Amino acid sequence: MKDQAPQATPQTVYLKDYTPFGWTVEDVHLTFRLAPEATRVLASIHFAPNPAAPAQDFFLHGEELTLIRAAIDGVEVAPQMVDGGLKVAVPAGPFLWECEVEIAPVRNTALEGLYMSNGMYCTQCEAEGFRKITYYPDRPDVMSVFTVRIEGAEPVKLSNGNPGASGEGFAEWHDPWPKPAYLFALVAGELVNFPGKFVTRSGRDVDLNIWVRPGDEGKCSFGMQALKDSMKWDEDVYGREYDLDVFNIVAVDDFNMGAMENKGLNIFNSSCVLASRETSTDANFERIEAIIAHEYFHNWTGNRITCRDWFQLCLKEGLTVYRDSQFTSDLRSAPVKRISDVIDLRARQFPEDQGPLSHPVRPESFQEINNFYTATVYEKGAEVIGMLKLLVGDEAYYKALDLYFDRHDGDAATIEDWLKVFEDATGRDLSQFKLWYSQSGTPRVKVSETFVNGTYSLTFTQHSPDTPNQSGKAPQVIPIAVGLLNPNGDEVLPTTVLELDQAEQTFEFGGFAAKPTSSILRGFSAPVVLERDTSPQEKAFLLAHDTDSFNRWEANRDLARECLVSMILDGTGPDTAWLDGLEAVLRDETLDPAYRALMMGGPGAAELAQILHERGHTPDPEAIYDAGESLAQFKAERWVDLLPRLAAEAQVTEAYAPNAEQSGKRALGGAVLSLLSRLDGGAAAKAQYDAADNMTLQLSALVQLVKAGKGDAVLAAFYDQWRHDRLVMDKWFGLQISALPPAEAVERADALTRHADFTMTNPNRFRATLGALSGYHAAFHRKDGAGYRLLTDKLIALDDLNPQTTARMCSVFQTWKRYDAARQALVREQLERIKAKPKLSRDTDEMVSRILGV
Ligand code: B3K
Ligand code: ZN
């Protein structure tokens, strides 16, 4: 029997339609006979009727599989091939399903299911990739114990759980923890390991390994330490221990995302685990540490407790992002982490929430679930947990978490289950809070103040604008952290959390001799847009005095934003009062250099475009770019005395370490260098480049040299130095696009896509090149549409190879309606060109349709 399972036709799936699967899976035995063109997968699965489910046909998912043989209780059967899988008549009681399929990993460029990367076999099954490996009920609420046998000549053969027997040409693995199929993993190839050990607090010895291609062993020690730190942190803070004898991490070059939390066998994009001083920047190190922690933390929040269905994705992702942010805050600097997270939220989640792709943290329908691994589900999902913790307090939060782990260990759970543990642990009614999961869009909070007879009042109103498929939203519970300062700058009301739960509400604070100044939404206590009419003097006062480090930074950002907006709209010069206030902060050596580096940054071009649009103006990308350039030039000239002083402070004299302290100094140094290079024609950058013994300094110098028009020789030298290293070459591809003037960047990106080292099949290289273009506001939105056209050409070509990465990158068009009619027409033309592509993938089709609003 040879039957090719057809591709599933697109259909919309709804949260409200959830129905349990009609059978439970008692155990799964899989045998893989590896061959690049023709891998055989033999499955042997015991099913039993699920008494909790309604009657239904026996259906197994399967896509792009060639069925060789199927049998029930040892008798060969001929299943009916249907859309997205197969159906077959089964006995009324328990039965054994056996099936053999053939797949071709070497031809799998979508990087979903079993595929090959540089000769290595690897898998990616979340969300719905397991159905490309064998026929199976590929849904997260079907959990089972897996035993795997891998046959092949590859020296290293890995799967989930603990190792079993192995010998010439085979290796066996057994995972005792029931899991959904999306957590299945297999890796086989010529790999070497960087080993480590961890002893859990109850005394279990765990063998740790980072598996890499020969030659990369020297880039594993940082990741190994991050893993050990994560294991310890989860024990100390959440009381969670690891539960297997081994924990394996594998680095893979071709991967659609950062990493994947498969049980006991995490698979990582090599860019998110390999690190060395020479090849990785400080930012790379910090990201690697956070991603290793994130995937490790999923062992409890995701694996031991998983999701009932994919609508509940934020249950594991929002919580795990929240946990990894806590980890980074504890290991590094909490204020710097908070500010960085908010910058990221505003850059990635706000545009999503305020545009055609807006969806609730728990979406209610989808066509392709891979399109919903979004900043809303992840980052806003984490913000929702942060708000919950603020509302119930730390002690109640950890009590609720203990209850969650006790009550739901081994479950496929829902947001209702999650909120119920908080209700049970605290006695609070969370029905209104639950709106954060179902209402999309960014709430807008307006605040006004009065001061009468010593009583200071703050009146808040909240409003959530309409979003696709949602209008007339109800007021949400919004925790607003507030502090008050007296005219001397002393704090007269320490941070207090106000609970805004009505459309309009007033809070009073009595007993003041003089009108205090309020610091509102401290620590960015809720993911909202705060609208407040305040004077520049009041902002300057907060910049000088606020005791909340986030709001001090925020005051500066607001002043920078207003300065840039008037430069863009009115052609005024920079606000010198603000710059003097900022200079005083920058000169304050008691402040962390990393914090001061953040103060030196302002709102980016895309954020300014959004603000202009909100205020009823049509953003002009060229004017935004020019204002940014002239402000930077003005700062450089005004701070001619300050810059050398800061540069001296930023010097690191000890041996390189990617810790918070040193990285903060180098971040400050980088910000200073970008201004200095405007004055010295790149001389300091050249000196830094020549002396650099680490990638952070080498790269920041190279960027400035390219900006100063002195990059060509250095770019060539950099290429010769690093052409053997794919991850460093990704930086080389990206930086020369983003550091060139907008007029040259599109042509450079185009030329780079024809470079011998460019490849469409490696997502990192594609993202490094086309992502640099689409992230460069003035270049991407060039008036002649060249940026839109180049990206579209490449997306159309990529869709046949890798739908997931194509669809994800389409989201750069989500803001198109902010721009002028001519630009909108140019974008529409490109979106329609993608829509018209023959055999457009389900992933890309859904994204483009949503962006177009059709
Ligand atoms: N859970 C994976 C993401 C899977 C994405 C599938 N398109 C990594 C993570 O969030 O940890
Ligand atoms: Zn995750």
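Residues numbered from 1 in each chain as written. Chains lettered and ligands numbered in written order. Predicted model: local features only at pLDDT ≥ 70, side-chain atom pairs only at ≥ 80, totals over all residues. Heavy atoms only, no water.

### Remarks on the coordination of the zinc ion (ligand 2)
Argument step 1. Distances from the zinc ion (ligand 2) to its protein donors, namely His294 (NE2), His298 (NE2) and Glu317 (OE), fall within the range 1.9 to 2.1 Å.
Argument step 2. Every donor residue of the zinc ion (ligand 2) comes from the same chain, spaced as H-x3-H-x18-E. Linking His294 in helix H2 (residues 282-297) with Glu317 in helix H3 (residues 313-331), this pair joins segments that are 23 residues apart in sequence.
Argument step 3. Judged by its relative accessible area of 7%, His294 falls in the buried class.
Argument step 4. A relative accessible area of 1% means that Glu317 is categorised as buried. (Donors = N, O, S within 2.8 Å, 3.2 Å for Na, K, Ca; no water. Helix = DSSP H or I, 4+ residues; strand = E, 2+ residues; numbered from the N terminus. Buried < 20%, exposed > 50% of the residue type's maximum accessible area, 1.4 Å probe, protein only.)

### Side note on the nonpolar core
Argument step 1. Judged by nonpolar contacts, the single largest core of 213 residues is most densely connected at Trp97, Trp418 and Phe433.
Argument step 2. Of all the elements, helix H10 (residues 549-570) adds the most residues to this core, at 10 residues.
Argument step 3. When residues no more than four places from it in sequence are discounted, the contact partners of Trp418 are Leu315, Leu319, Ile385, Leu388, Leu401, Tyr404 and Tyr437.
Argument step 4. In this structure, Trp722, Phe766, Phe780 and Leu798 belong to the second largest nonpolar core, which totals 57 residues. (Core = buried A, V, L, I, M, F, W, Y, C linked by side-chain atoms within 4.5 Å. Contact = heavy atoms within 4.5 Å.)

### So, helix H26 (residues 821-835)
Argument step 1. Its 15 residues give H26 an end-to-end C-alpha distance of 21 Å, which sits within 8% of 21 Å, the value for a rise of 1.5 Å per residue.
Argument step 2. Of the surrounding secondary structure, the elements contacted by the buried residues of H26 are helix H14 (621-638), helix H24 (786-799), helix H25 (803-810) and helix H27 (842-852). (Expected span 1.5 Å × (residues − 1).)

### Examining the domain arrangement of the protein chain
Argument step 1. Taken domain by domain, the protein chain comprises domain 1 (13-190), domain 2 (306-438), domain 3 (444-533) and domain 4 (719-854).
Argument step 2. Between domain 1 and domain 4, the contact holds 6 residues from the first and 8 residues from the second.
Argument step 3. Both faces combined, the contact of domain 1 with domain 4 buries some 530 Å², and carbon together with sulfur accounts for 36% of it.
Argument step 4. Ranking the residues of domain 1 by area buried against domain 4 places Thr109, Ala110 and Leu111 at the top, with a combined share of 63%.
Argument step 5. Between the two partners, domain 1 and domain 4, sit 0 salt bridges.
Argument step 6. One can count 4 residue pairs in polar contact (both at pLDDT 80 or more) joining domain 1 with domain 4. (Domains from an automatic or database assignment. Buried area = accessible area lost by both parts, 1.4 Å probe. Salt bridge = Lys/Arg side-chain N within 4 Å of Asp/Glu carboxyl O. Polar contact = N/O pair within 3.5 Å; in protein donor to acceptor, adjacent residues only side chain to side chain.)

### Describing the packing of H25 against H27
Argument step 1. At a minimum axis distance of 8 Å, the contact between H25 and H27 shows a crossing angle of 10°. As far as their axial angle goes, H27 and H25 are roughly parallel. Only Asp843, Thr844, Met847, Val848 and Ile851 of H27 make contact with H25, whose side of the interface consists of Pro803, Gln804, Thr806, Ala807 and Cys810.
Argument step 2. Classifying every residue of the contact of H25 with H27 by side-chain character gives 6 nonpolar, 3 polar and 1 charged. (Axes fitted to C-alpha atoms, helices over the stretch in contact; angles between N-to-C directions. Parallel < 35°, antiparallel > 145°, perpendicular 65-115°, else oblique. Nonpolar A, V, L, I, M, F, W, Y, C, P; charged D, E, K, R; others polar.)

### Some remarks on the sheet that holds strand S19 (residues 205-212)
Hydrogen bonds between backbone atoms are what pair the strands of a sheet, whose relative direction is either parallel or antiparallel.
Argument step 1. The mixed open sheet is built from 5 strands, whose spatial order is S18-S19-S20-S22-S21. Of all the strands in the sheet, the pair left with one neighbour each is strand S18 (192-199) and strand S21 (259-260).
Argument step 2. Pairing between strand S20 (residues 246-252) and strand S22 (residues 265-269): 5 bridges, direction parallel. Each residue of the ladder has a partner; that of Val252, found in S22, is Asn269. (Pairing = 2+ DSSP bridges.)

### A closer look at the site of ligand 1
Argument step 1. Around ligand 1 lies a shell of 14 residues, among which Glu126, Glu261, Glu295, Asn370 and Tyr378 are the nearest.
Argument step 2. Here a nitrogen atom of ligand 1 sits 2.5 Å away from a polar atom, N or O, in the side chain of Glu126.
Argument step 3. Take Asn370: an N or O atom from its side chain is 2.8 Å from a nitrogen atom of ligand 1.
Argument step 4. In isolation ligand 1 exposes 340 Å². Once the protein is present, 94% of that is buried.
Argument step 5. Mapped by element, the contributors of at least two residues to the shell around ligand 1 are S21, H2 and H3.
Argument step 6. Considering only residue class, the shell around ligand 1 consists of 5 nonpolar, 4 polar and 5 charged. (Near = heavy atom within 4 Å. Areas by Shrake-Rupley, 256 points an atom, 1.4 Å probe, with all protein chains shown as cover.)

### Considerations on the environment of Asp843
Argument step 1. Of note, Asp843 is situated in helix H27.
Argument step 2. Sequence separation between Asp843 and Ile68 is 775 residues; the distance between their C-alpha atoms is 29 Å.

### Some thoughts on unusual backbone geometry
Argument step 1. With omega at 5°, the peptide bond leading from Glu126 into Ala127 counts as cis.
Argument step 2. Its location among the elements puts Ala127 in the loop between strand S12 (120-124) and strand S13 (144-151).
Argument step 3. In this structure, Leu111 is a non-glycine residue whose phi angle is positive, near 60°.
Argument step 4. Positionally, Leu111 belongs in the loop between strand S10 (95-103) and strand S11 (113-117).
Argument step 5. You will see that Asn469, though not glycine, has its phi angle at about 70°, which is positive.
Argument step 6. Residue position: Asn469 is located in the loop between strand S27 (455-463) and strand S28 (478-485).

### Topic: the side chain of Gln470
Argument step 1. Mapped onto the elements, Gln470 comes out in the loop between S27 and S28.
Argument step 2. Given a relative accessible area of 16%, Gln470 falls into the buried group.
Argument step 3. Of note is the side chain of Gln470, whose polar atom sits 2.8 Å from the backbone nitrogen of Ser440.

### What to know about the packing of aromatic side chains
Argument step 1. Within the structure shown, the criterion is met by 47 aromatic pairs.
Argument step 2. Arranged with centres 4.8 Å apart and planes meeting at 85°, the rings of Phe222 and Phe285 form a pair that is edge-to-face. Here Phe222 is found in helix H1 (residues 221-238), whereas its partner Phe285 is found in helix H2, with 63 residues between them in sequence.
Argument step 3. Phe222 gets classed as buried once you look at its relative accessible area, which sits at 14%. (Phe/Tyr/Trp six-rings, centres within 6.5 Å; stacked < 30°, edge-to-face > 60°.)

### Observations concerning the pattern of salt bridges
Argument step 1. Overall, the coordinates contain 79 salt bridges when judged by the stated rule.
Argument step 2. A salt bridge links Arg557 to Glu607; its shortest N-O distance comes to 2.3 Å. Linking Arg557 in helix H10 with Glu607 in helix H13 (residues 605-614), this pair joins segments that are 50 residues apart in sequence.
Argument step 3. Relative accessible area serves as the criterion here: at 9%, Arg557 is assigned to the buried category.
Argument step 4. With a shortest N-O distance of 2.8 Å, Asp800 and Lys837 are connected by a salt bridge. Here Lys837 lies in the loop between H26 and H27 and Asp800 lies in the loop between H24 and H25, a separation of 37 residues in the sequence.
Argument step 5. A relative accessible area of 10% means that Lys837 is categorised as buried.
Argument step 6. Within the structure, one salt-bridge network assembled from shared partners comprises Arg346, Lys539, Glu554, Arg557, Asp558, Arg561, Glu562, Glu607 and Arg615.

### As for the sheet that holds S28
Argument step 1. Taken together, 3 strands build an open sheet; the order of strands is S29-S28-S31 and the sheet is antiparallel. Among the strands making up the open sheet, the edge pair consists of strand S29 (491-500) and strand S31 (517-520). Averaged over all adjacent pairs, the angle separating strand axes in this sheet is 25°, with direction ignored.
Argument step 2. Bridge count for S28 against S29 is 7 bridges, and the pairing is antiparallel. Residue pairing in the sheet places Val482 in a bridge with Thr496 of S29.

### Concerning the environment of Lys710
Argument step 1. In this fold, Lys710 is placed in the loop between helix H18 (695-707) and helix H19 (712-722).
Argument step 2. Linking Lys710 and Ala683, residues 27 residues apart in sequence, is a C-alpha distance of 9.9 Å.
Argument step 3. When near neighbours in sequence (up to four residues on either side) are disregarded, Lys710 contacts Gly681 and Leu705.
Argument step 4. A distance of 2.6 Å separates a polar side-chain atom of Lys710 from the backbone oxygen of Gly681.

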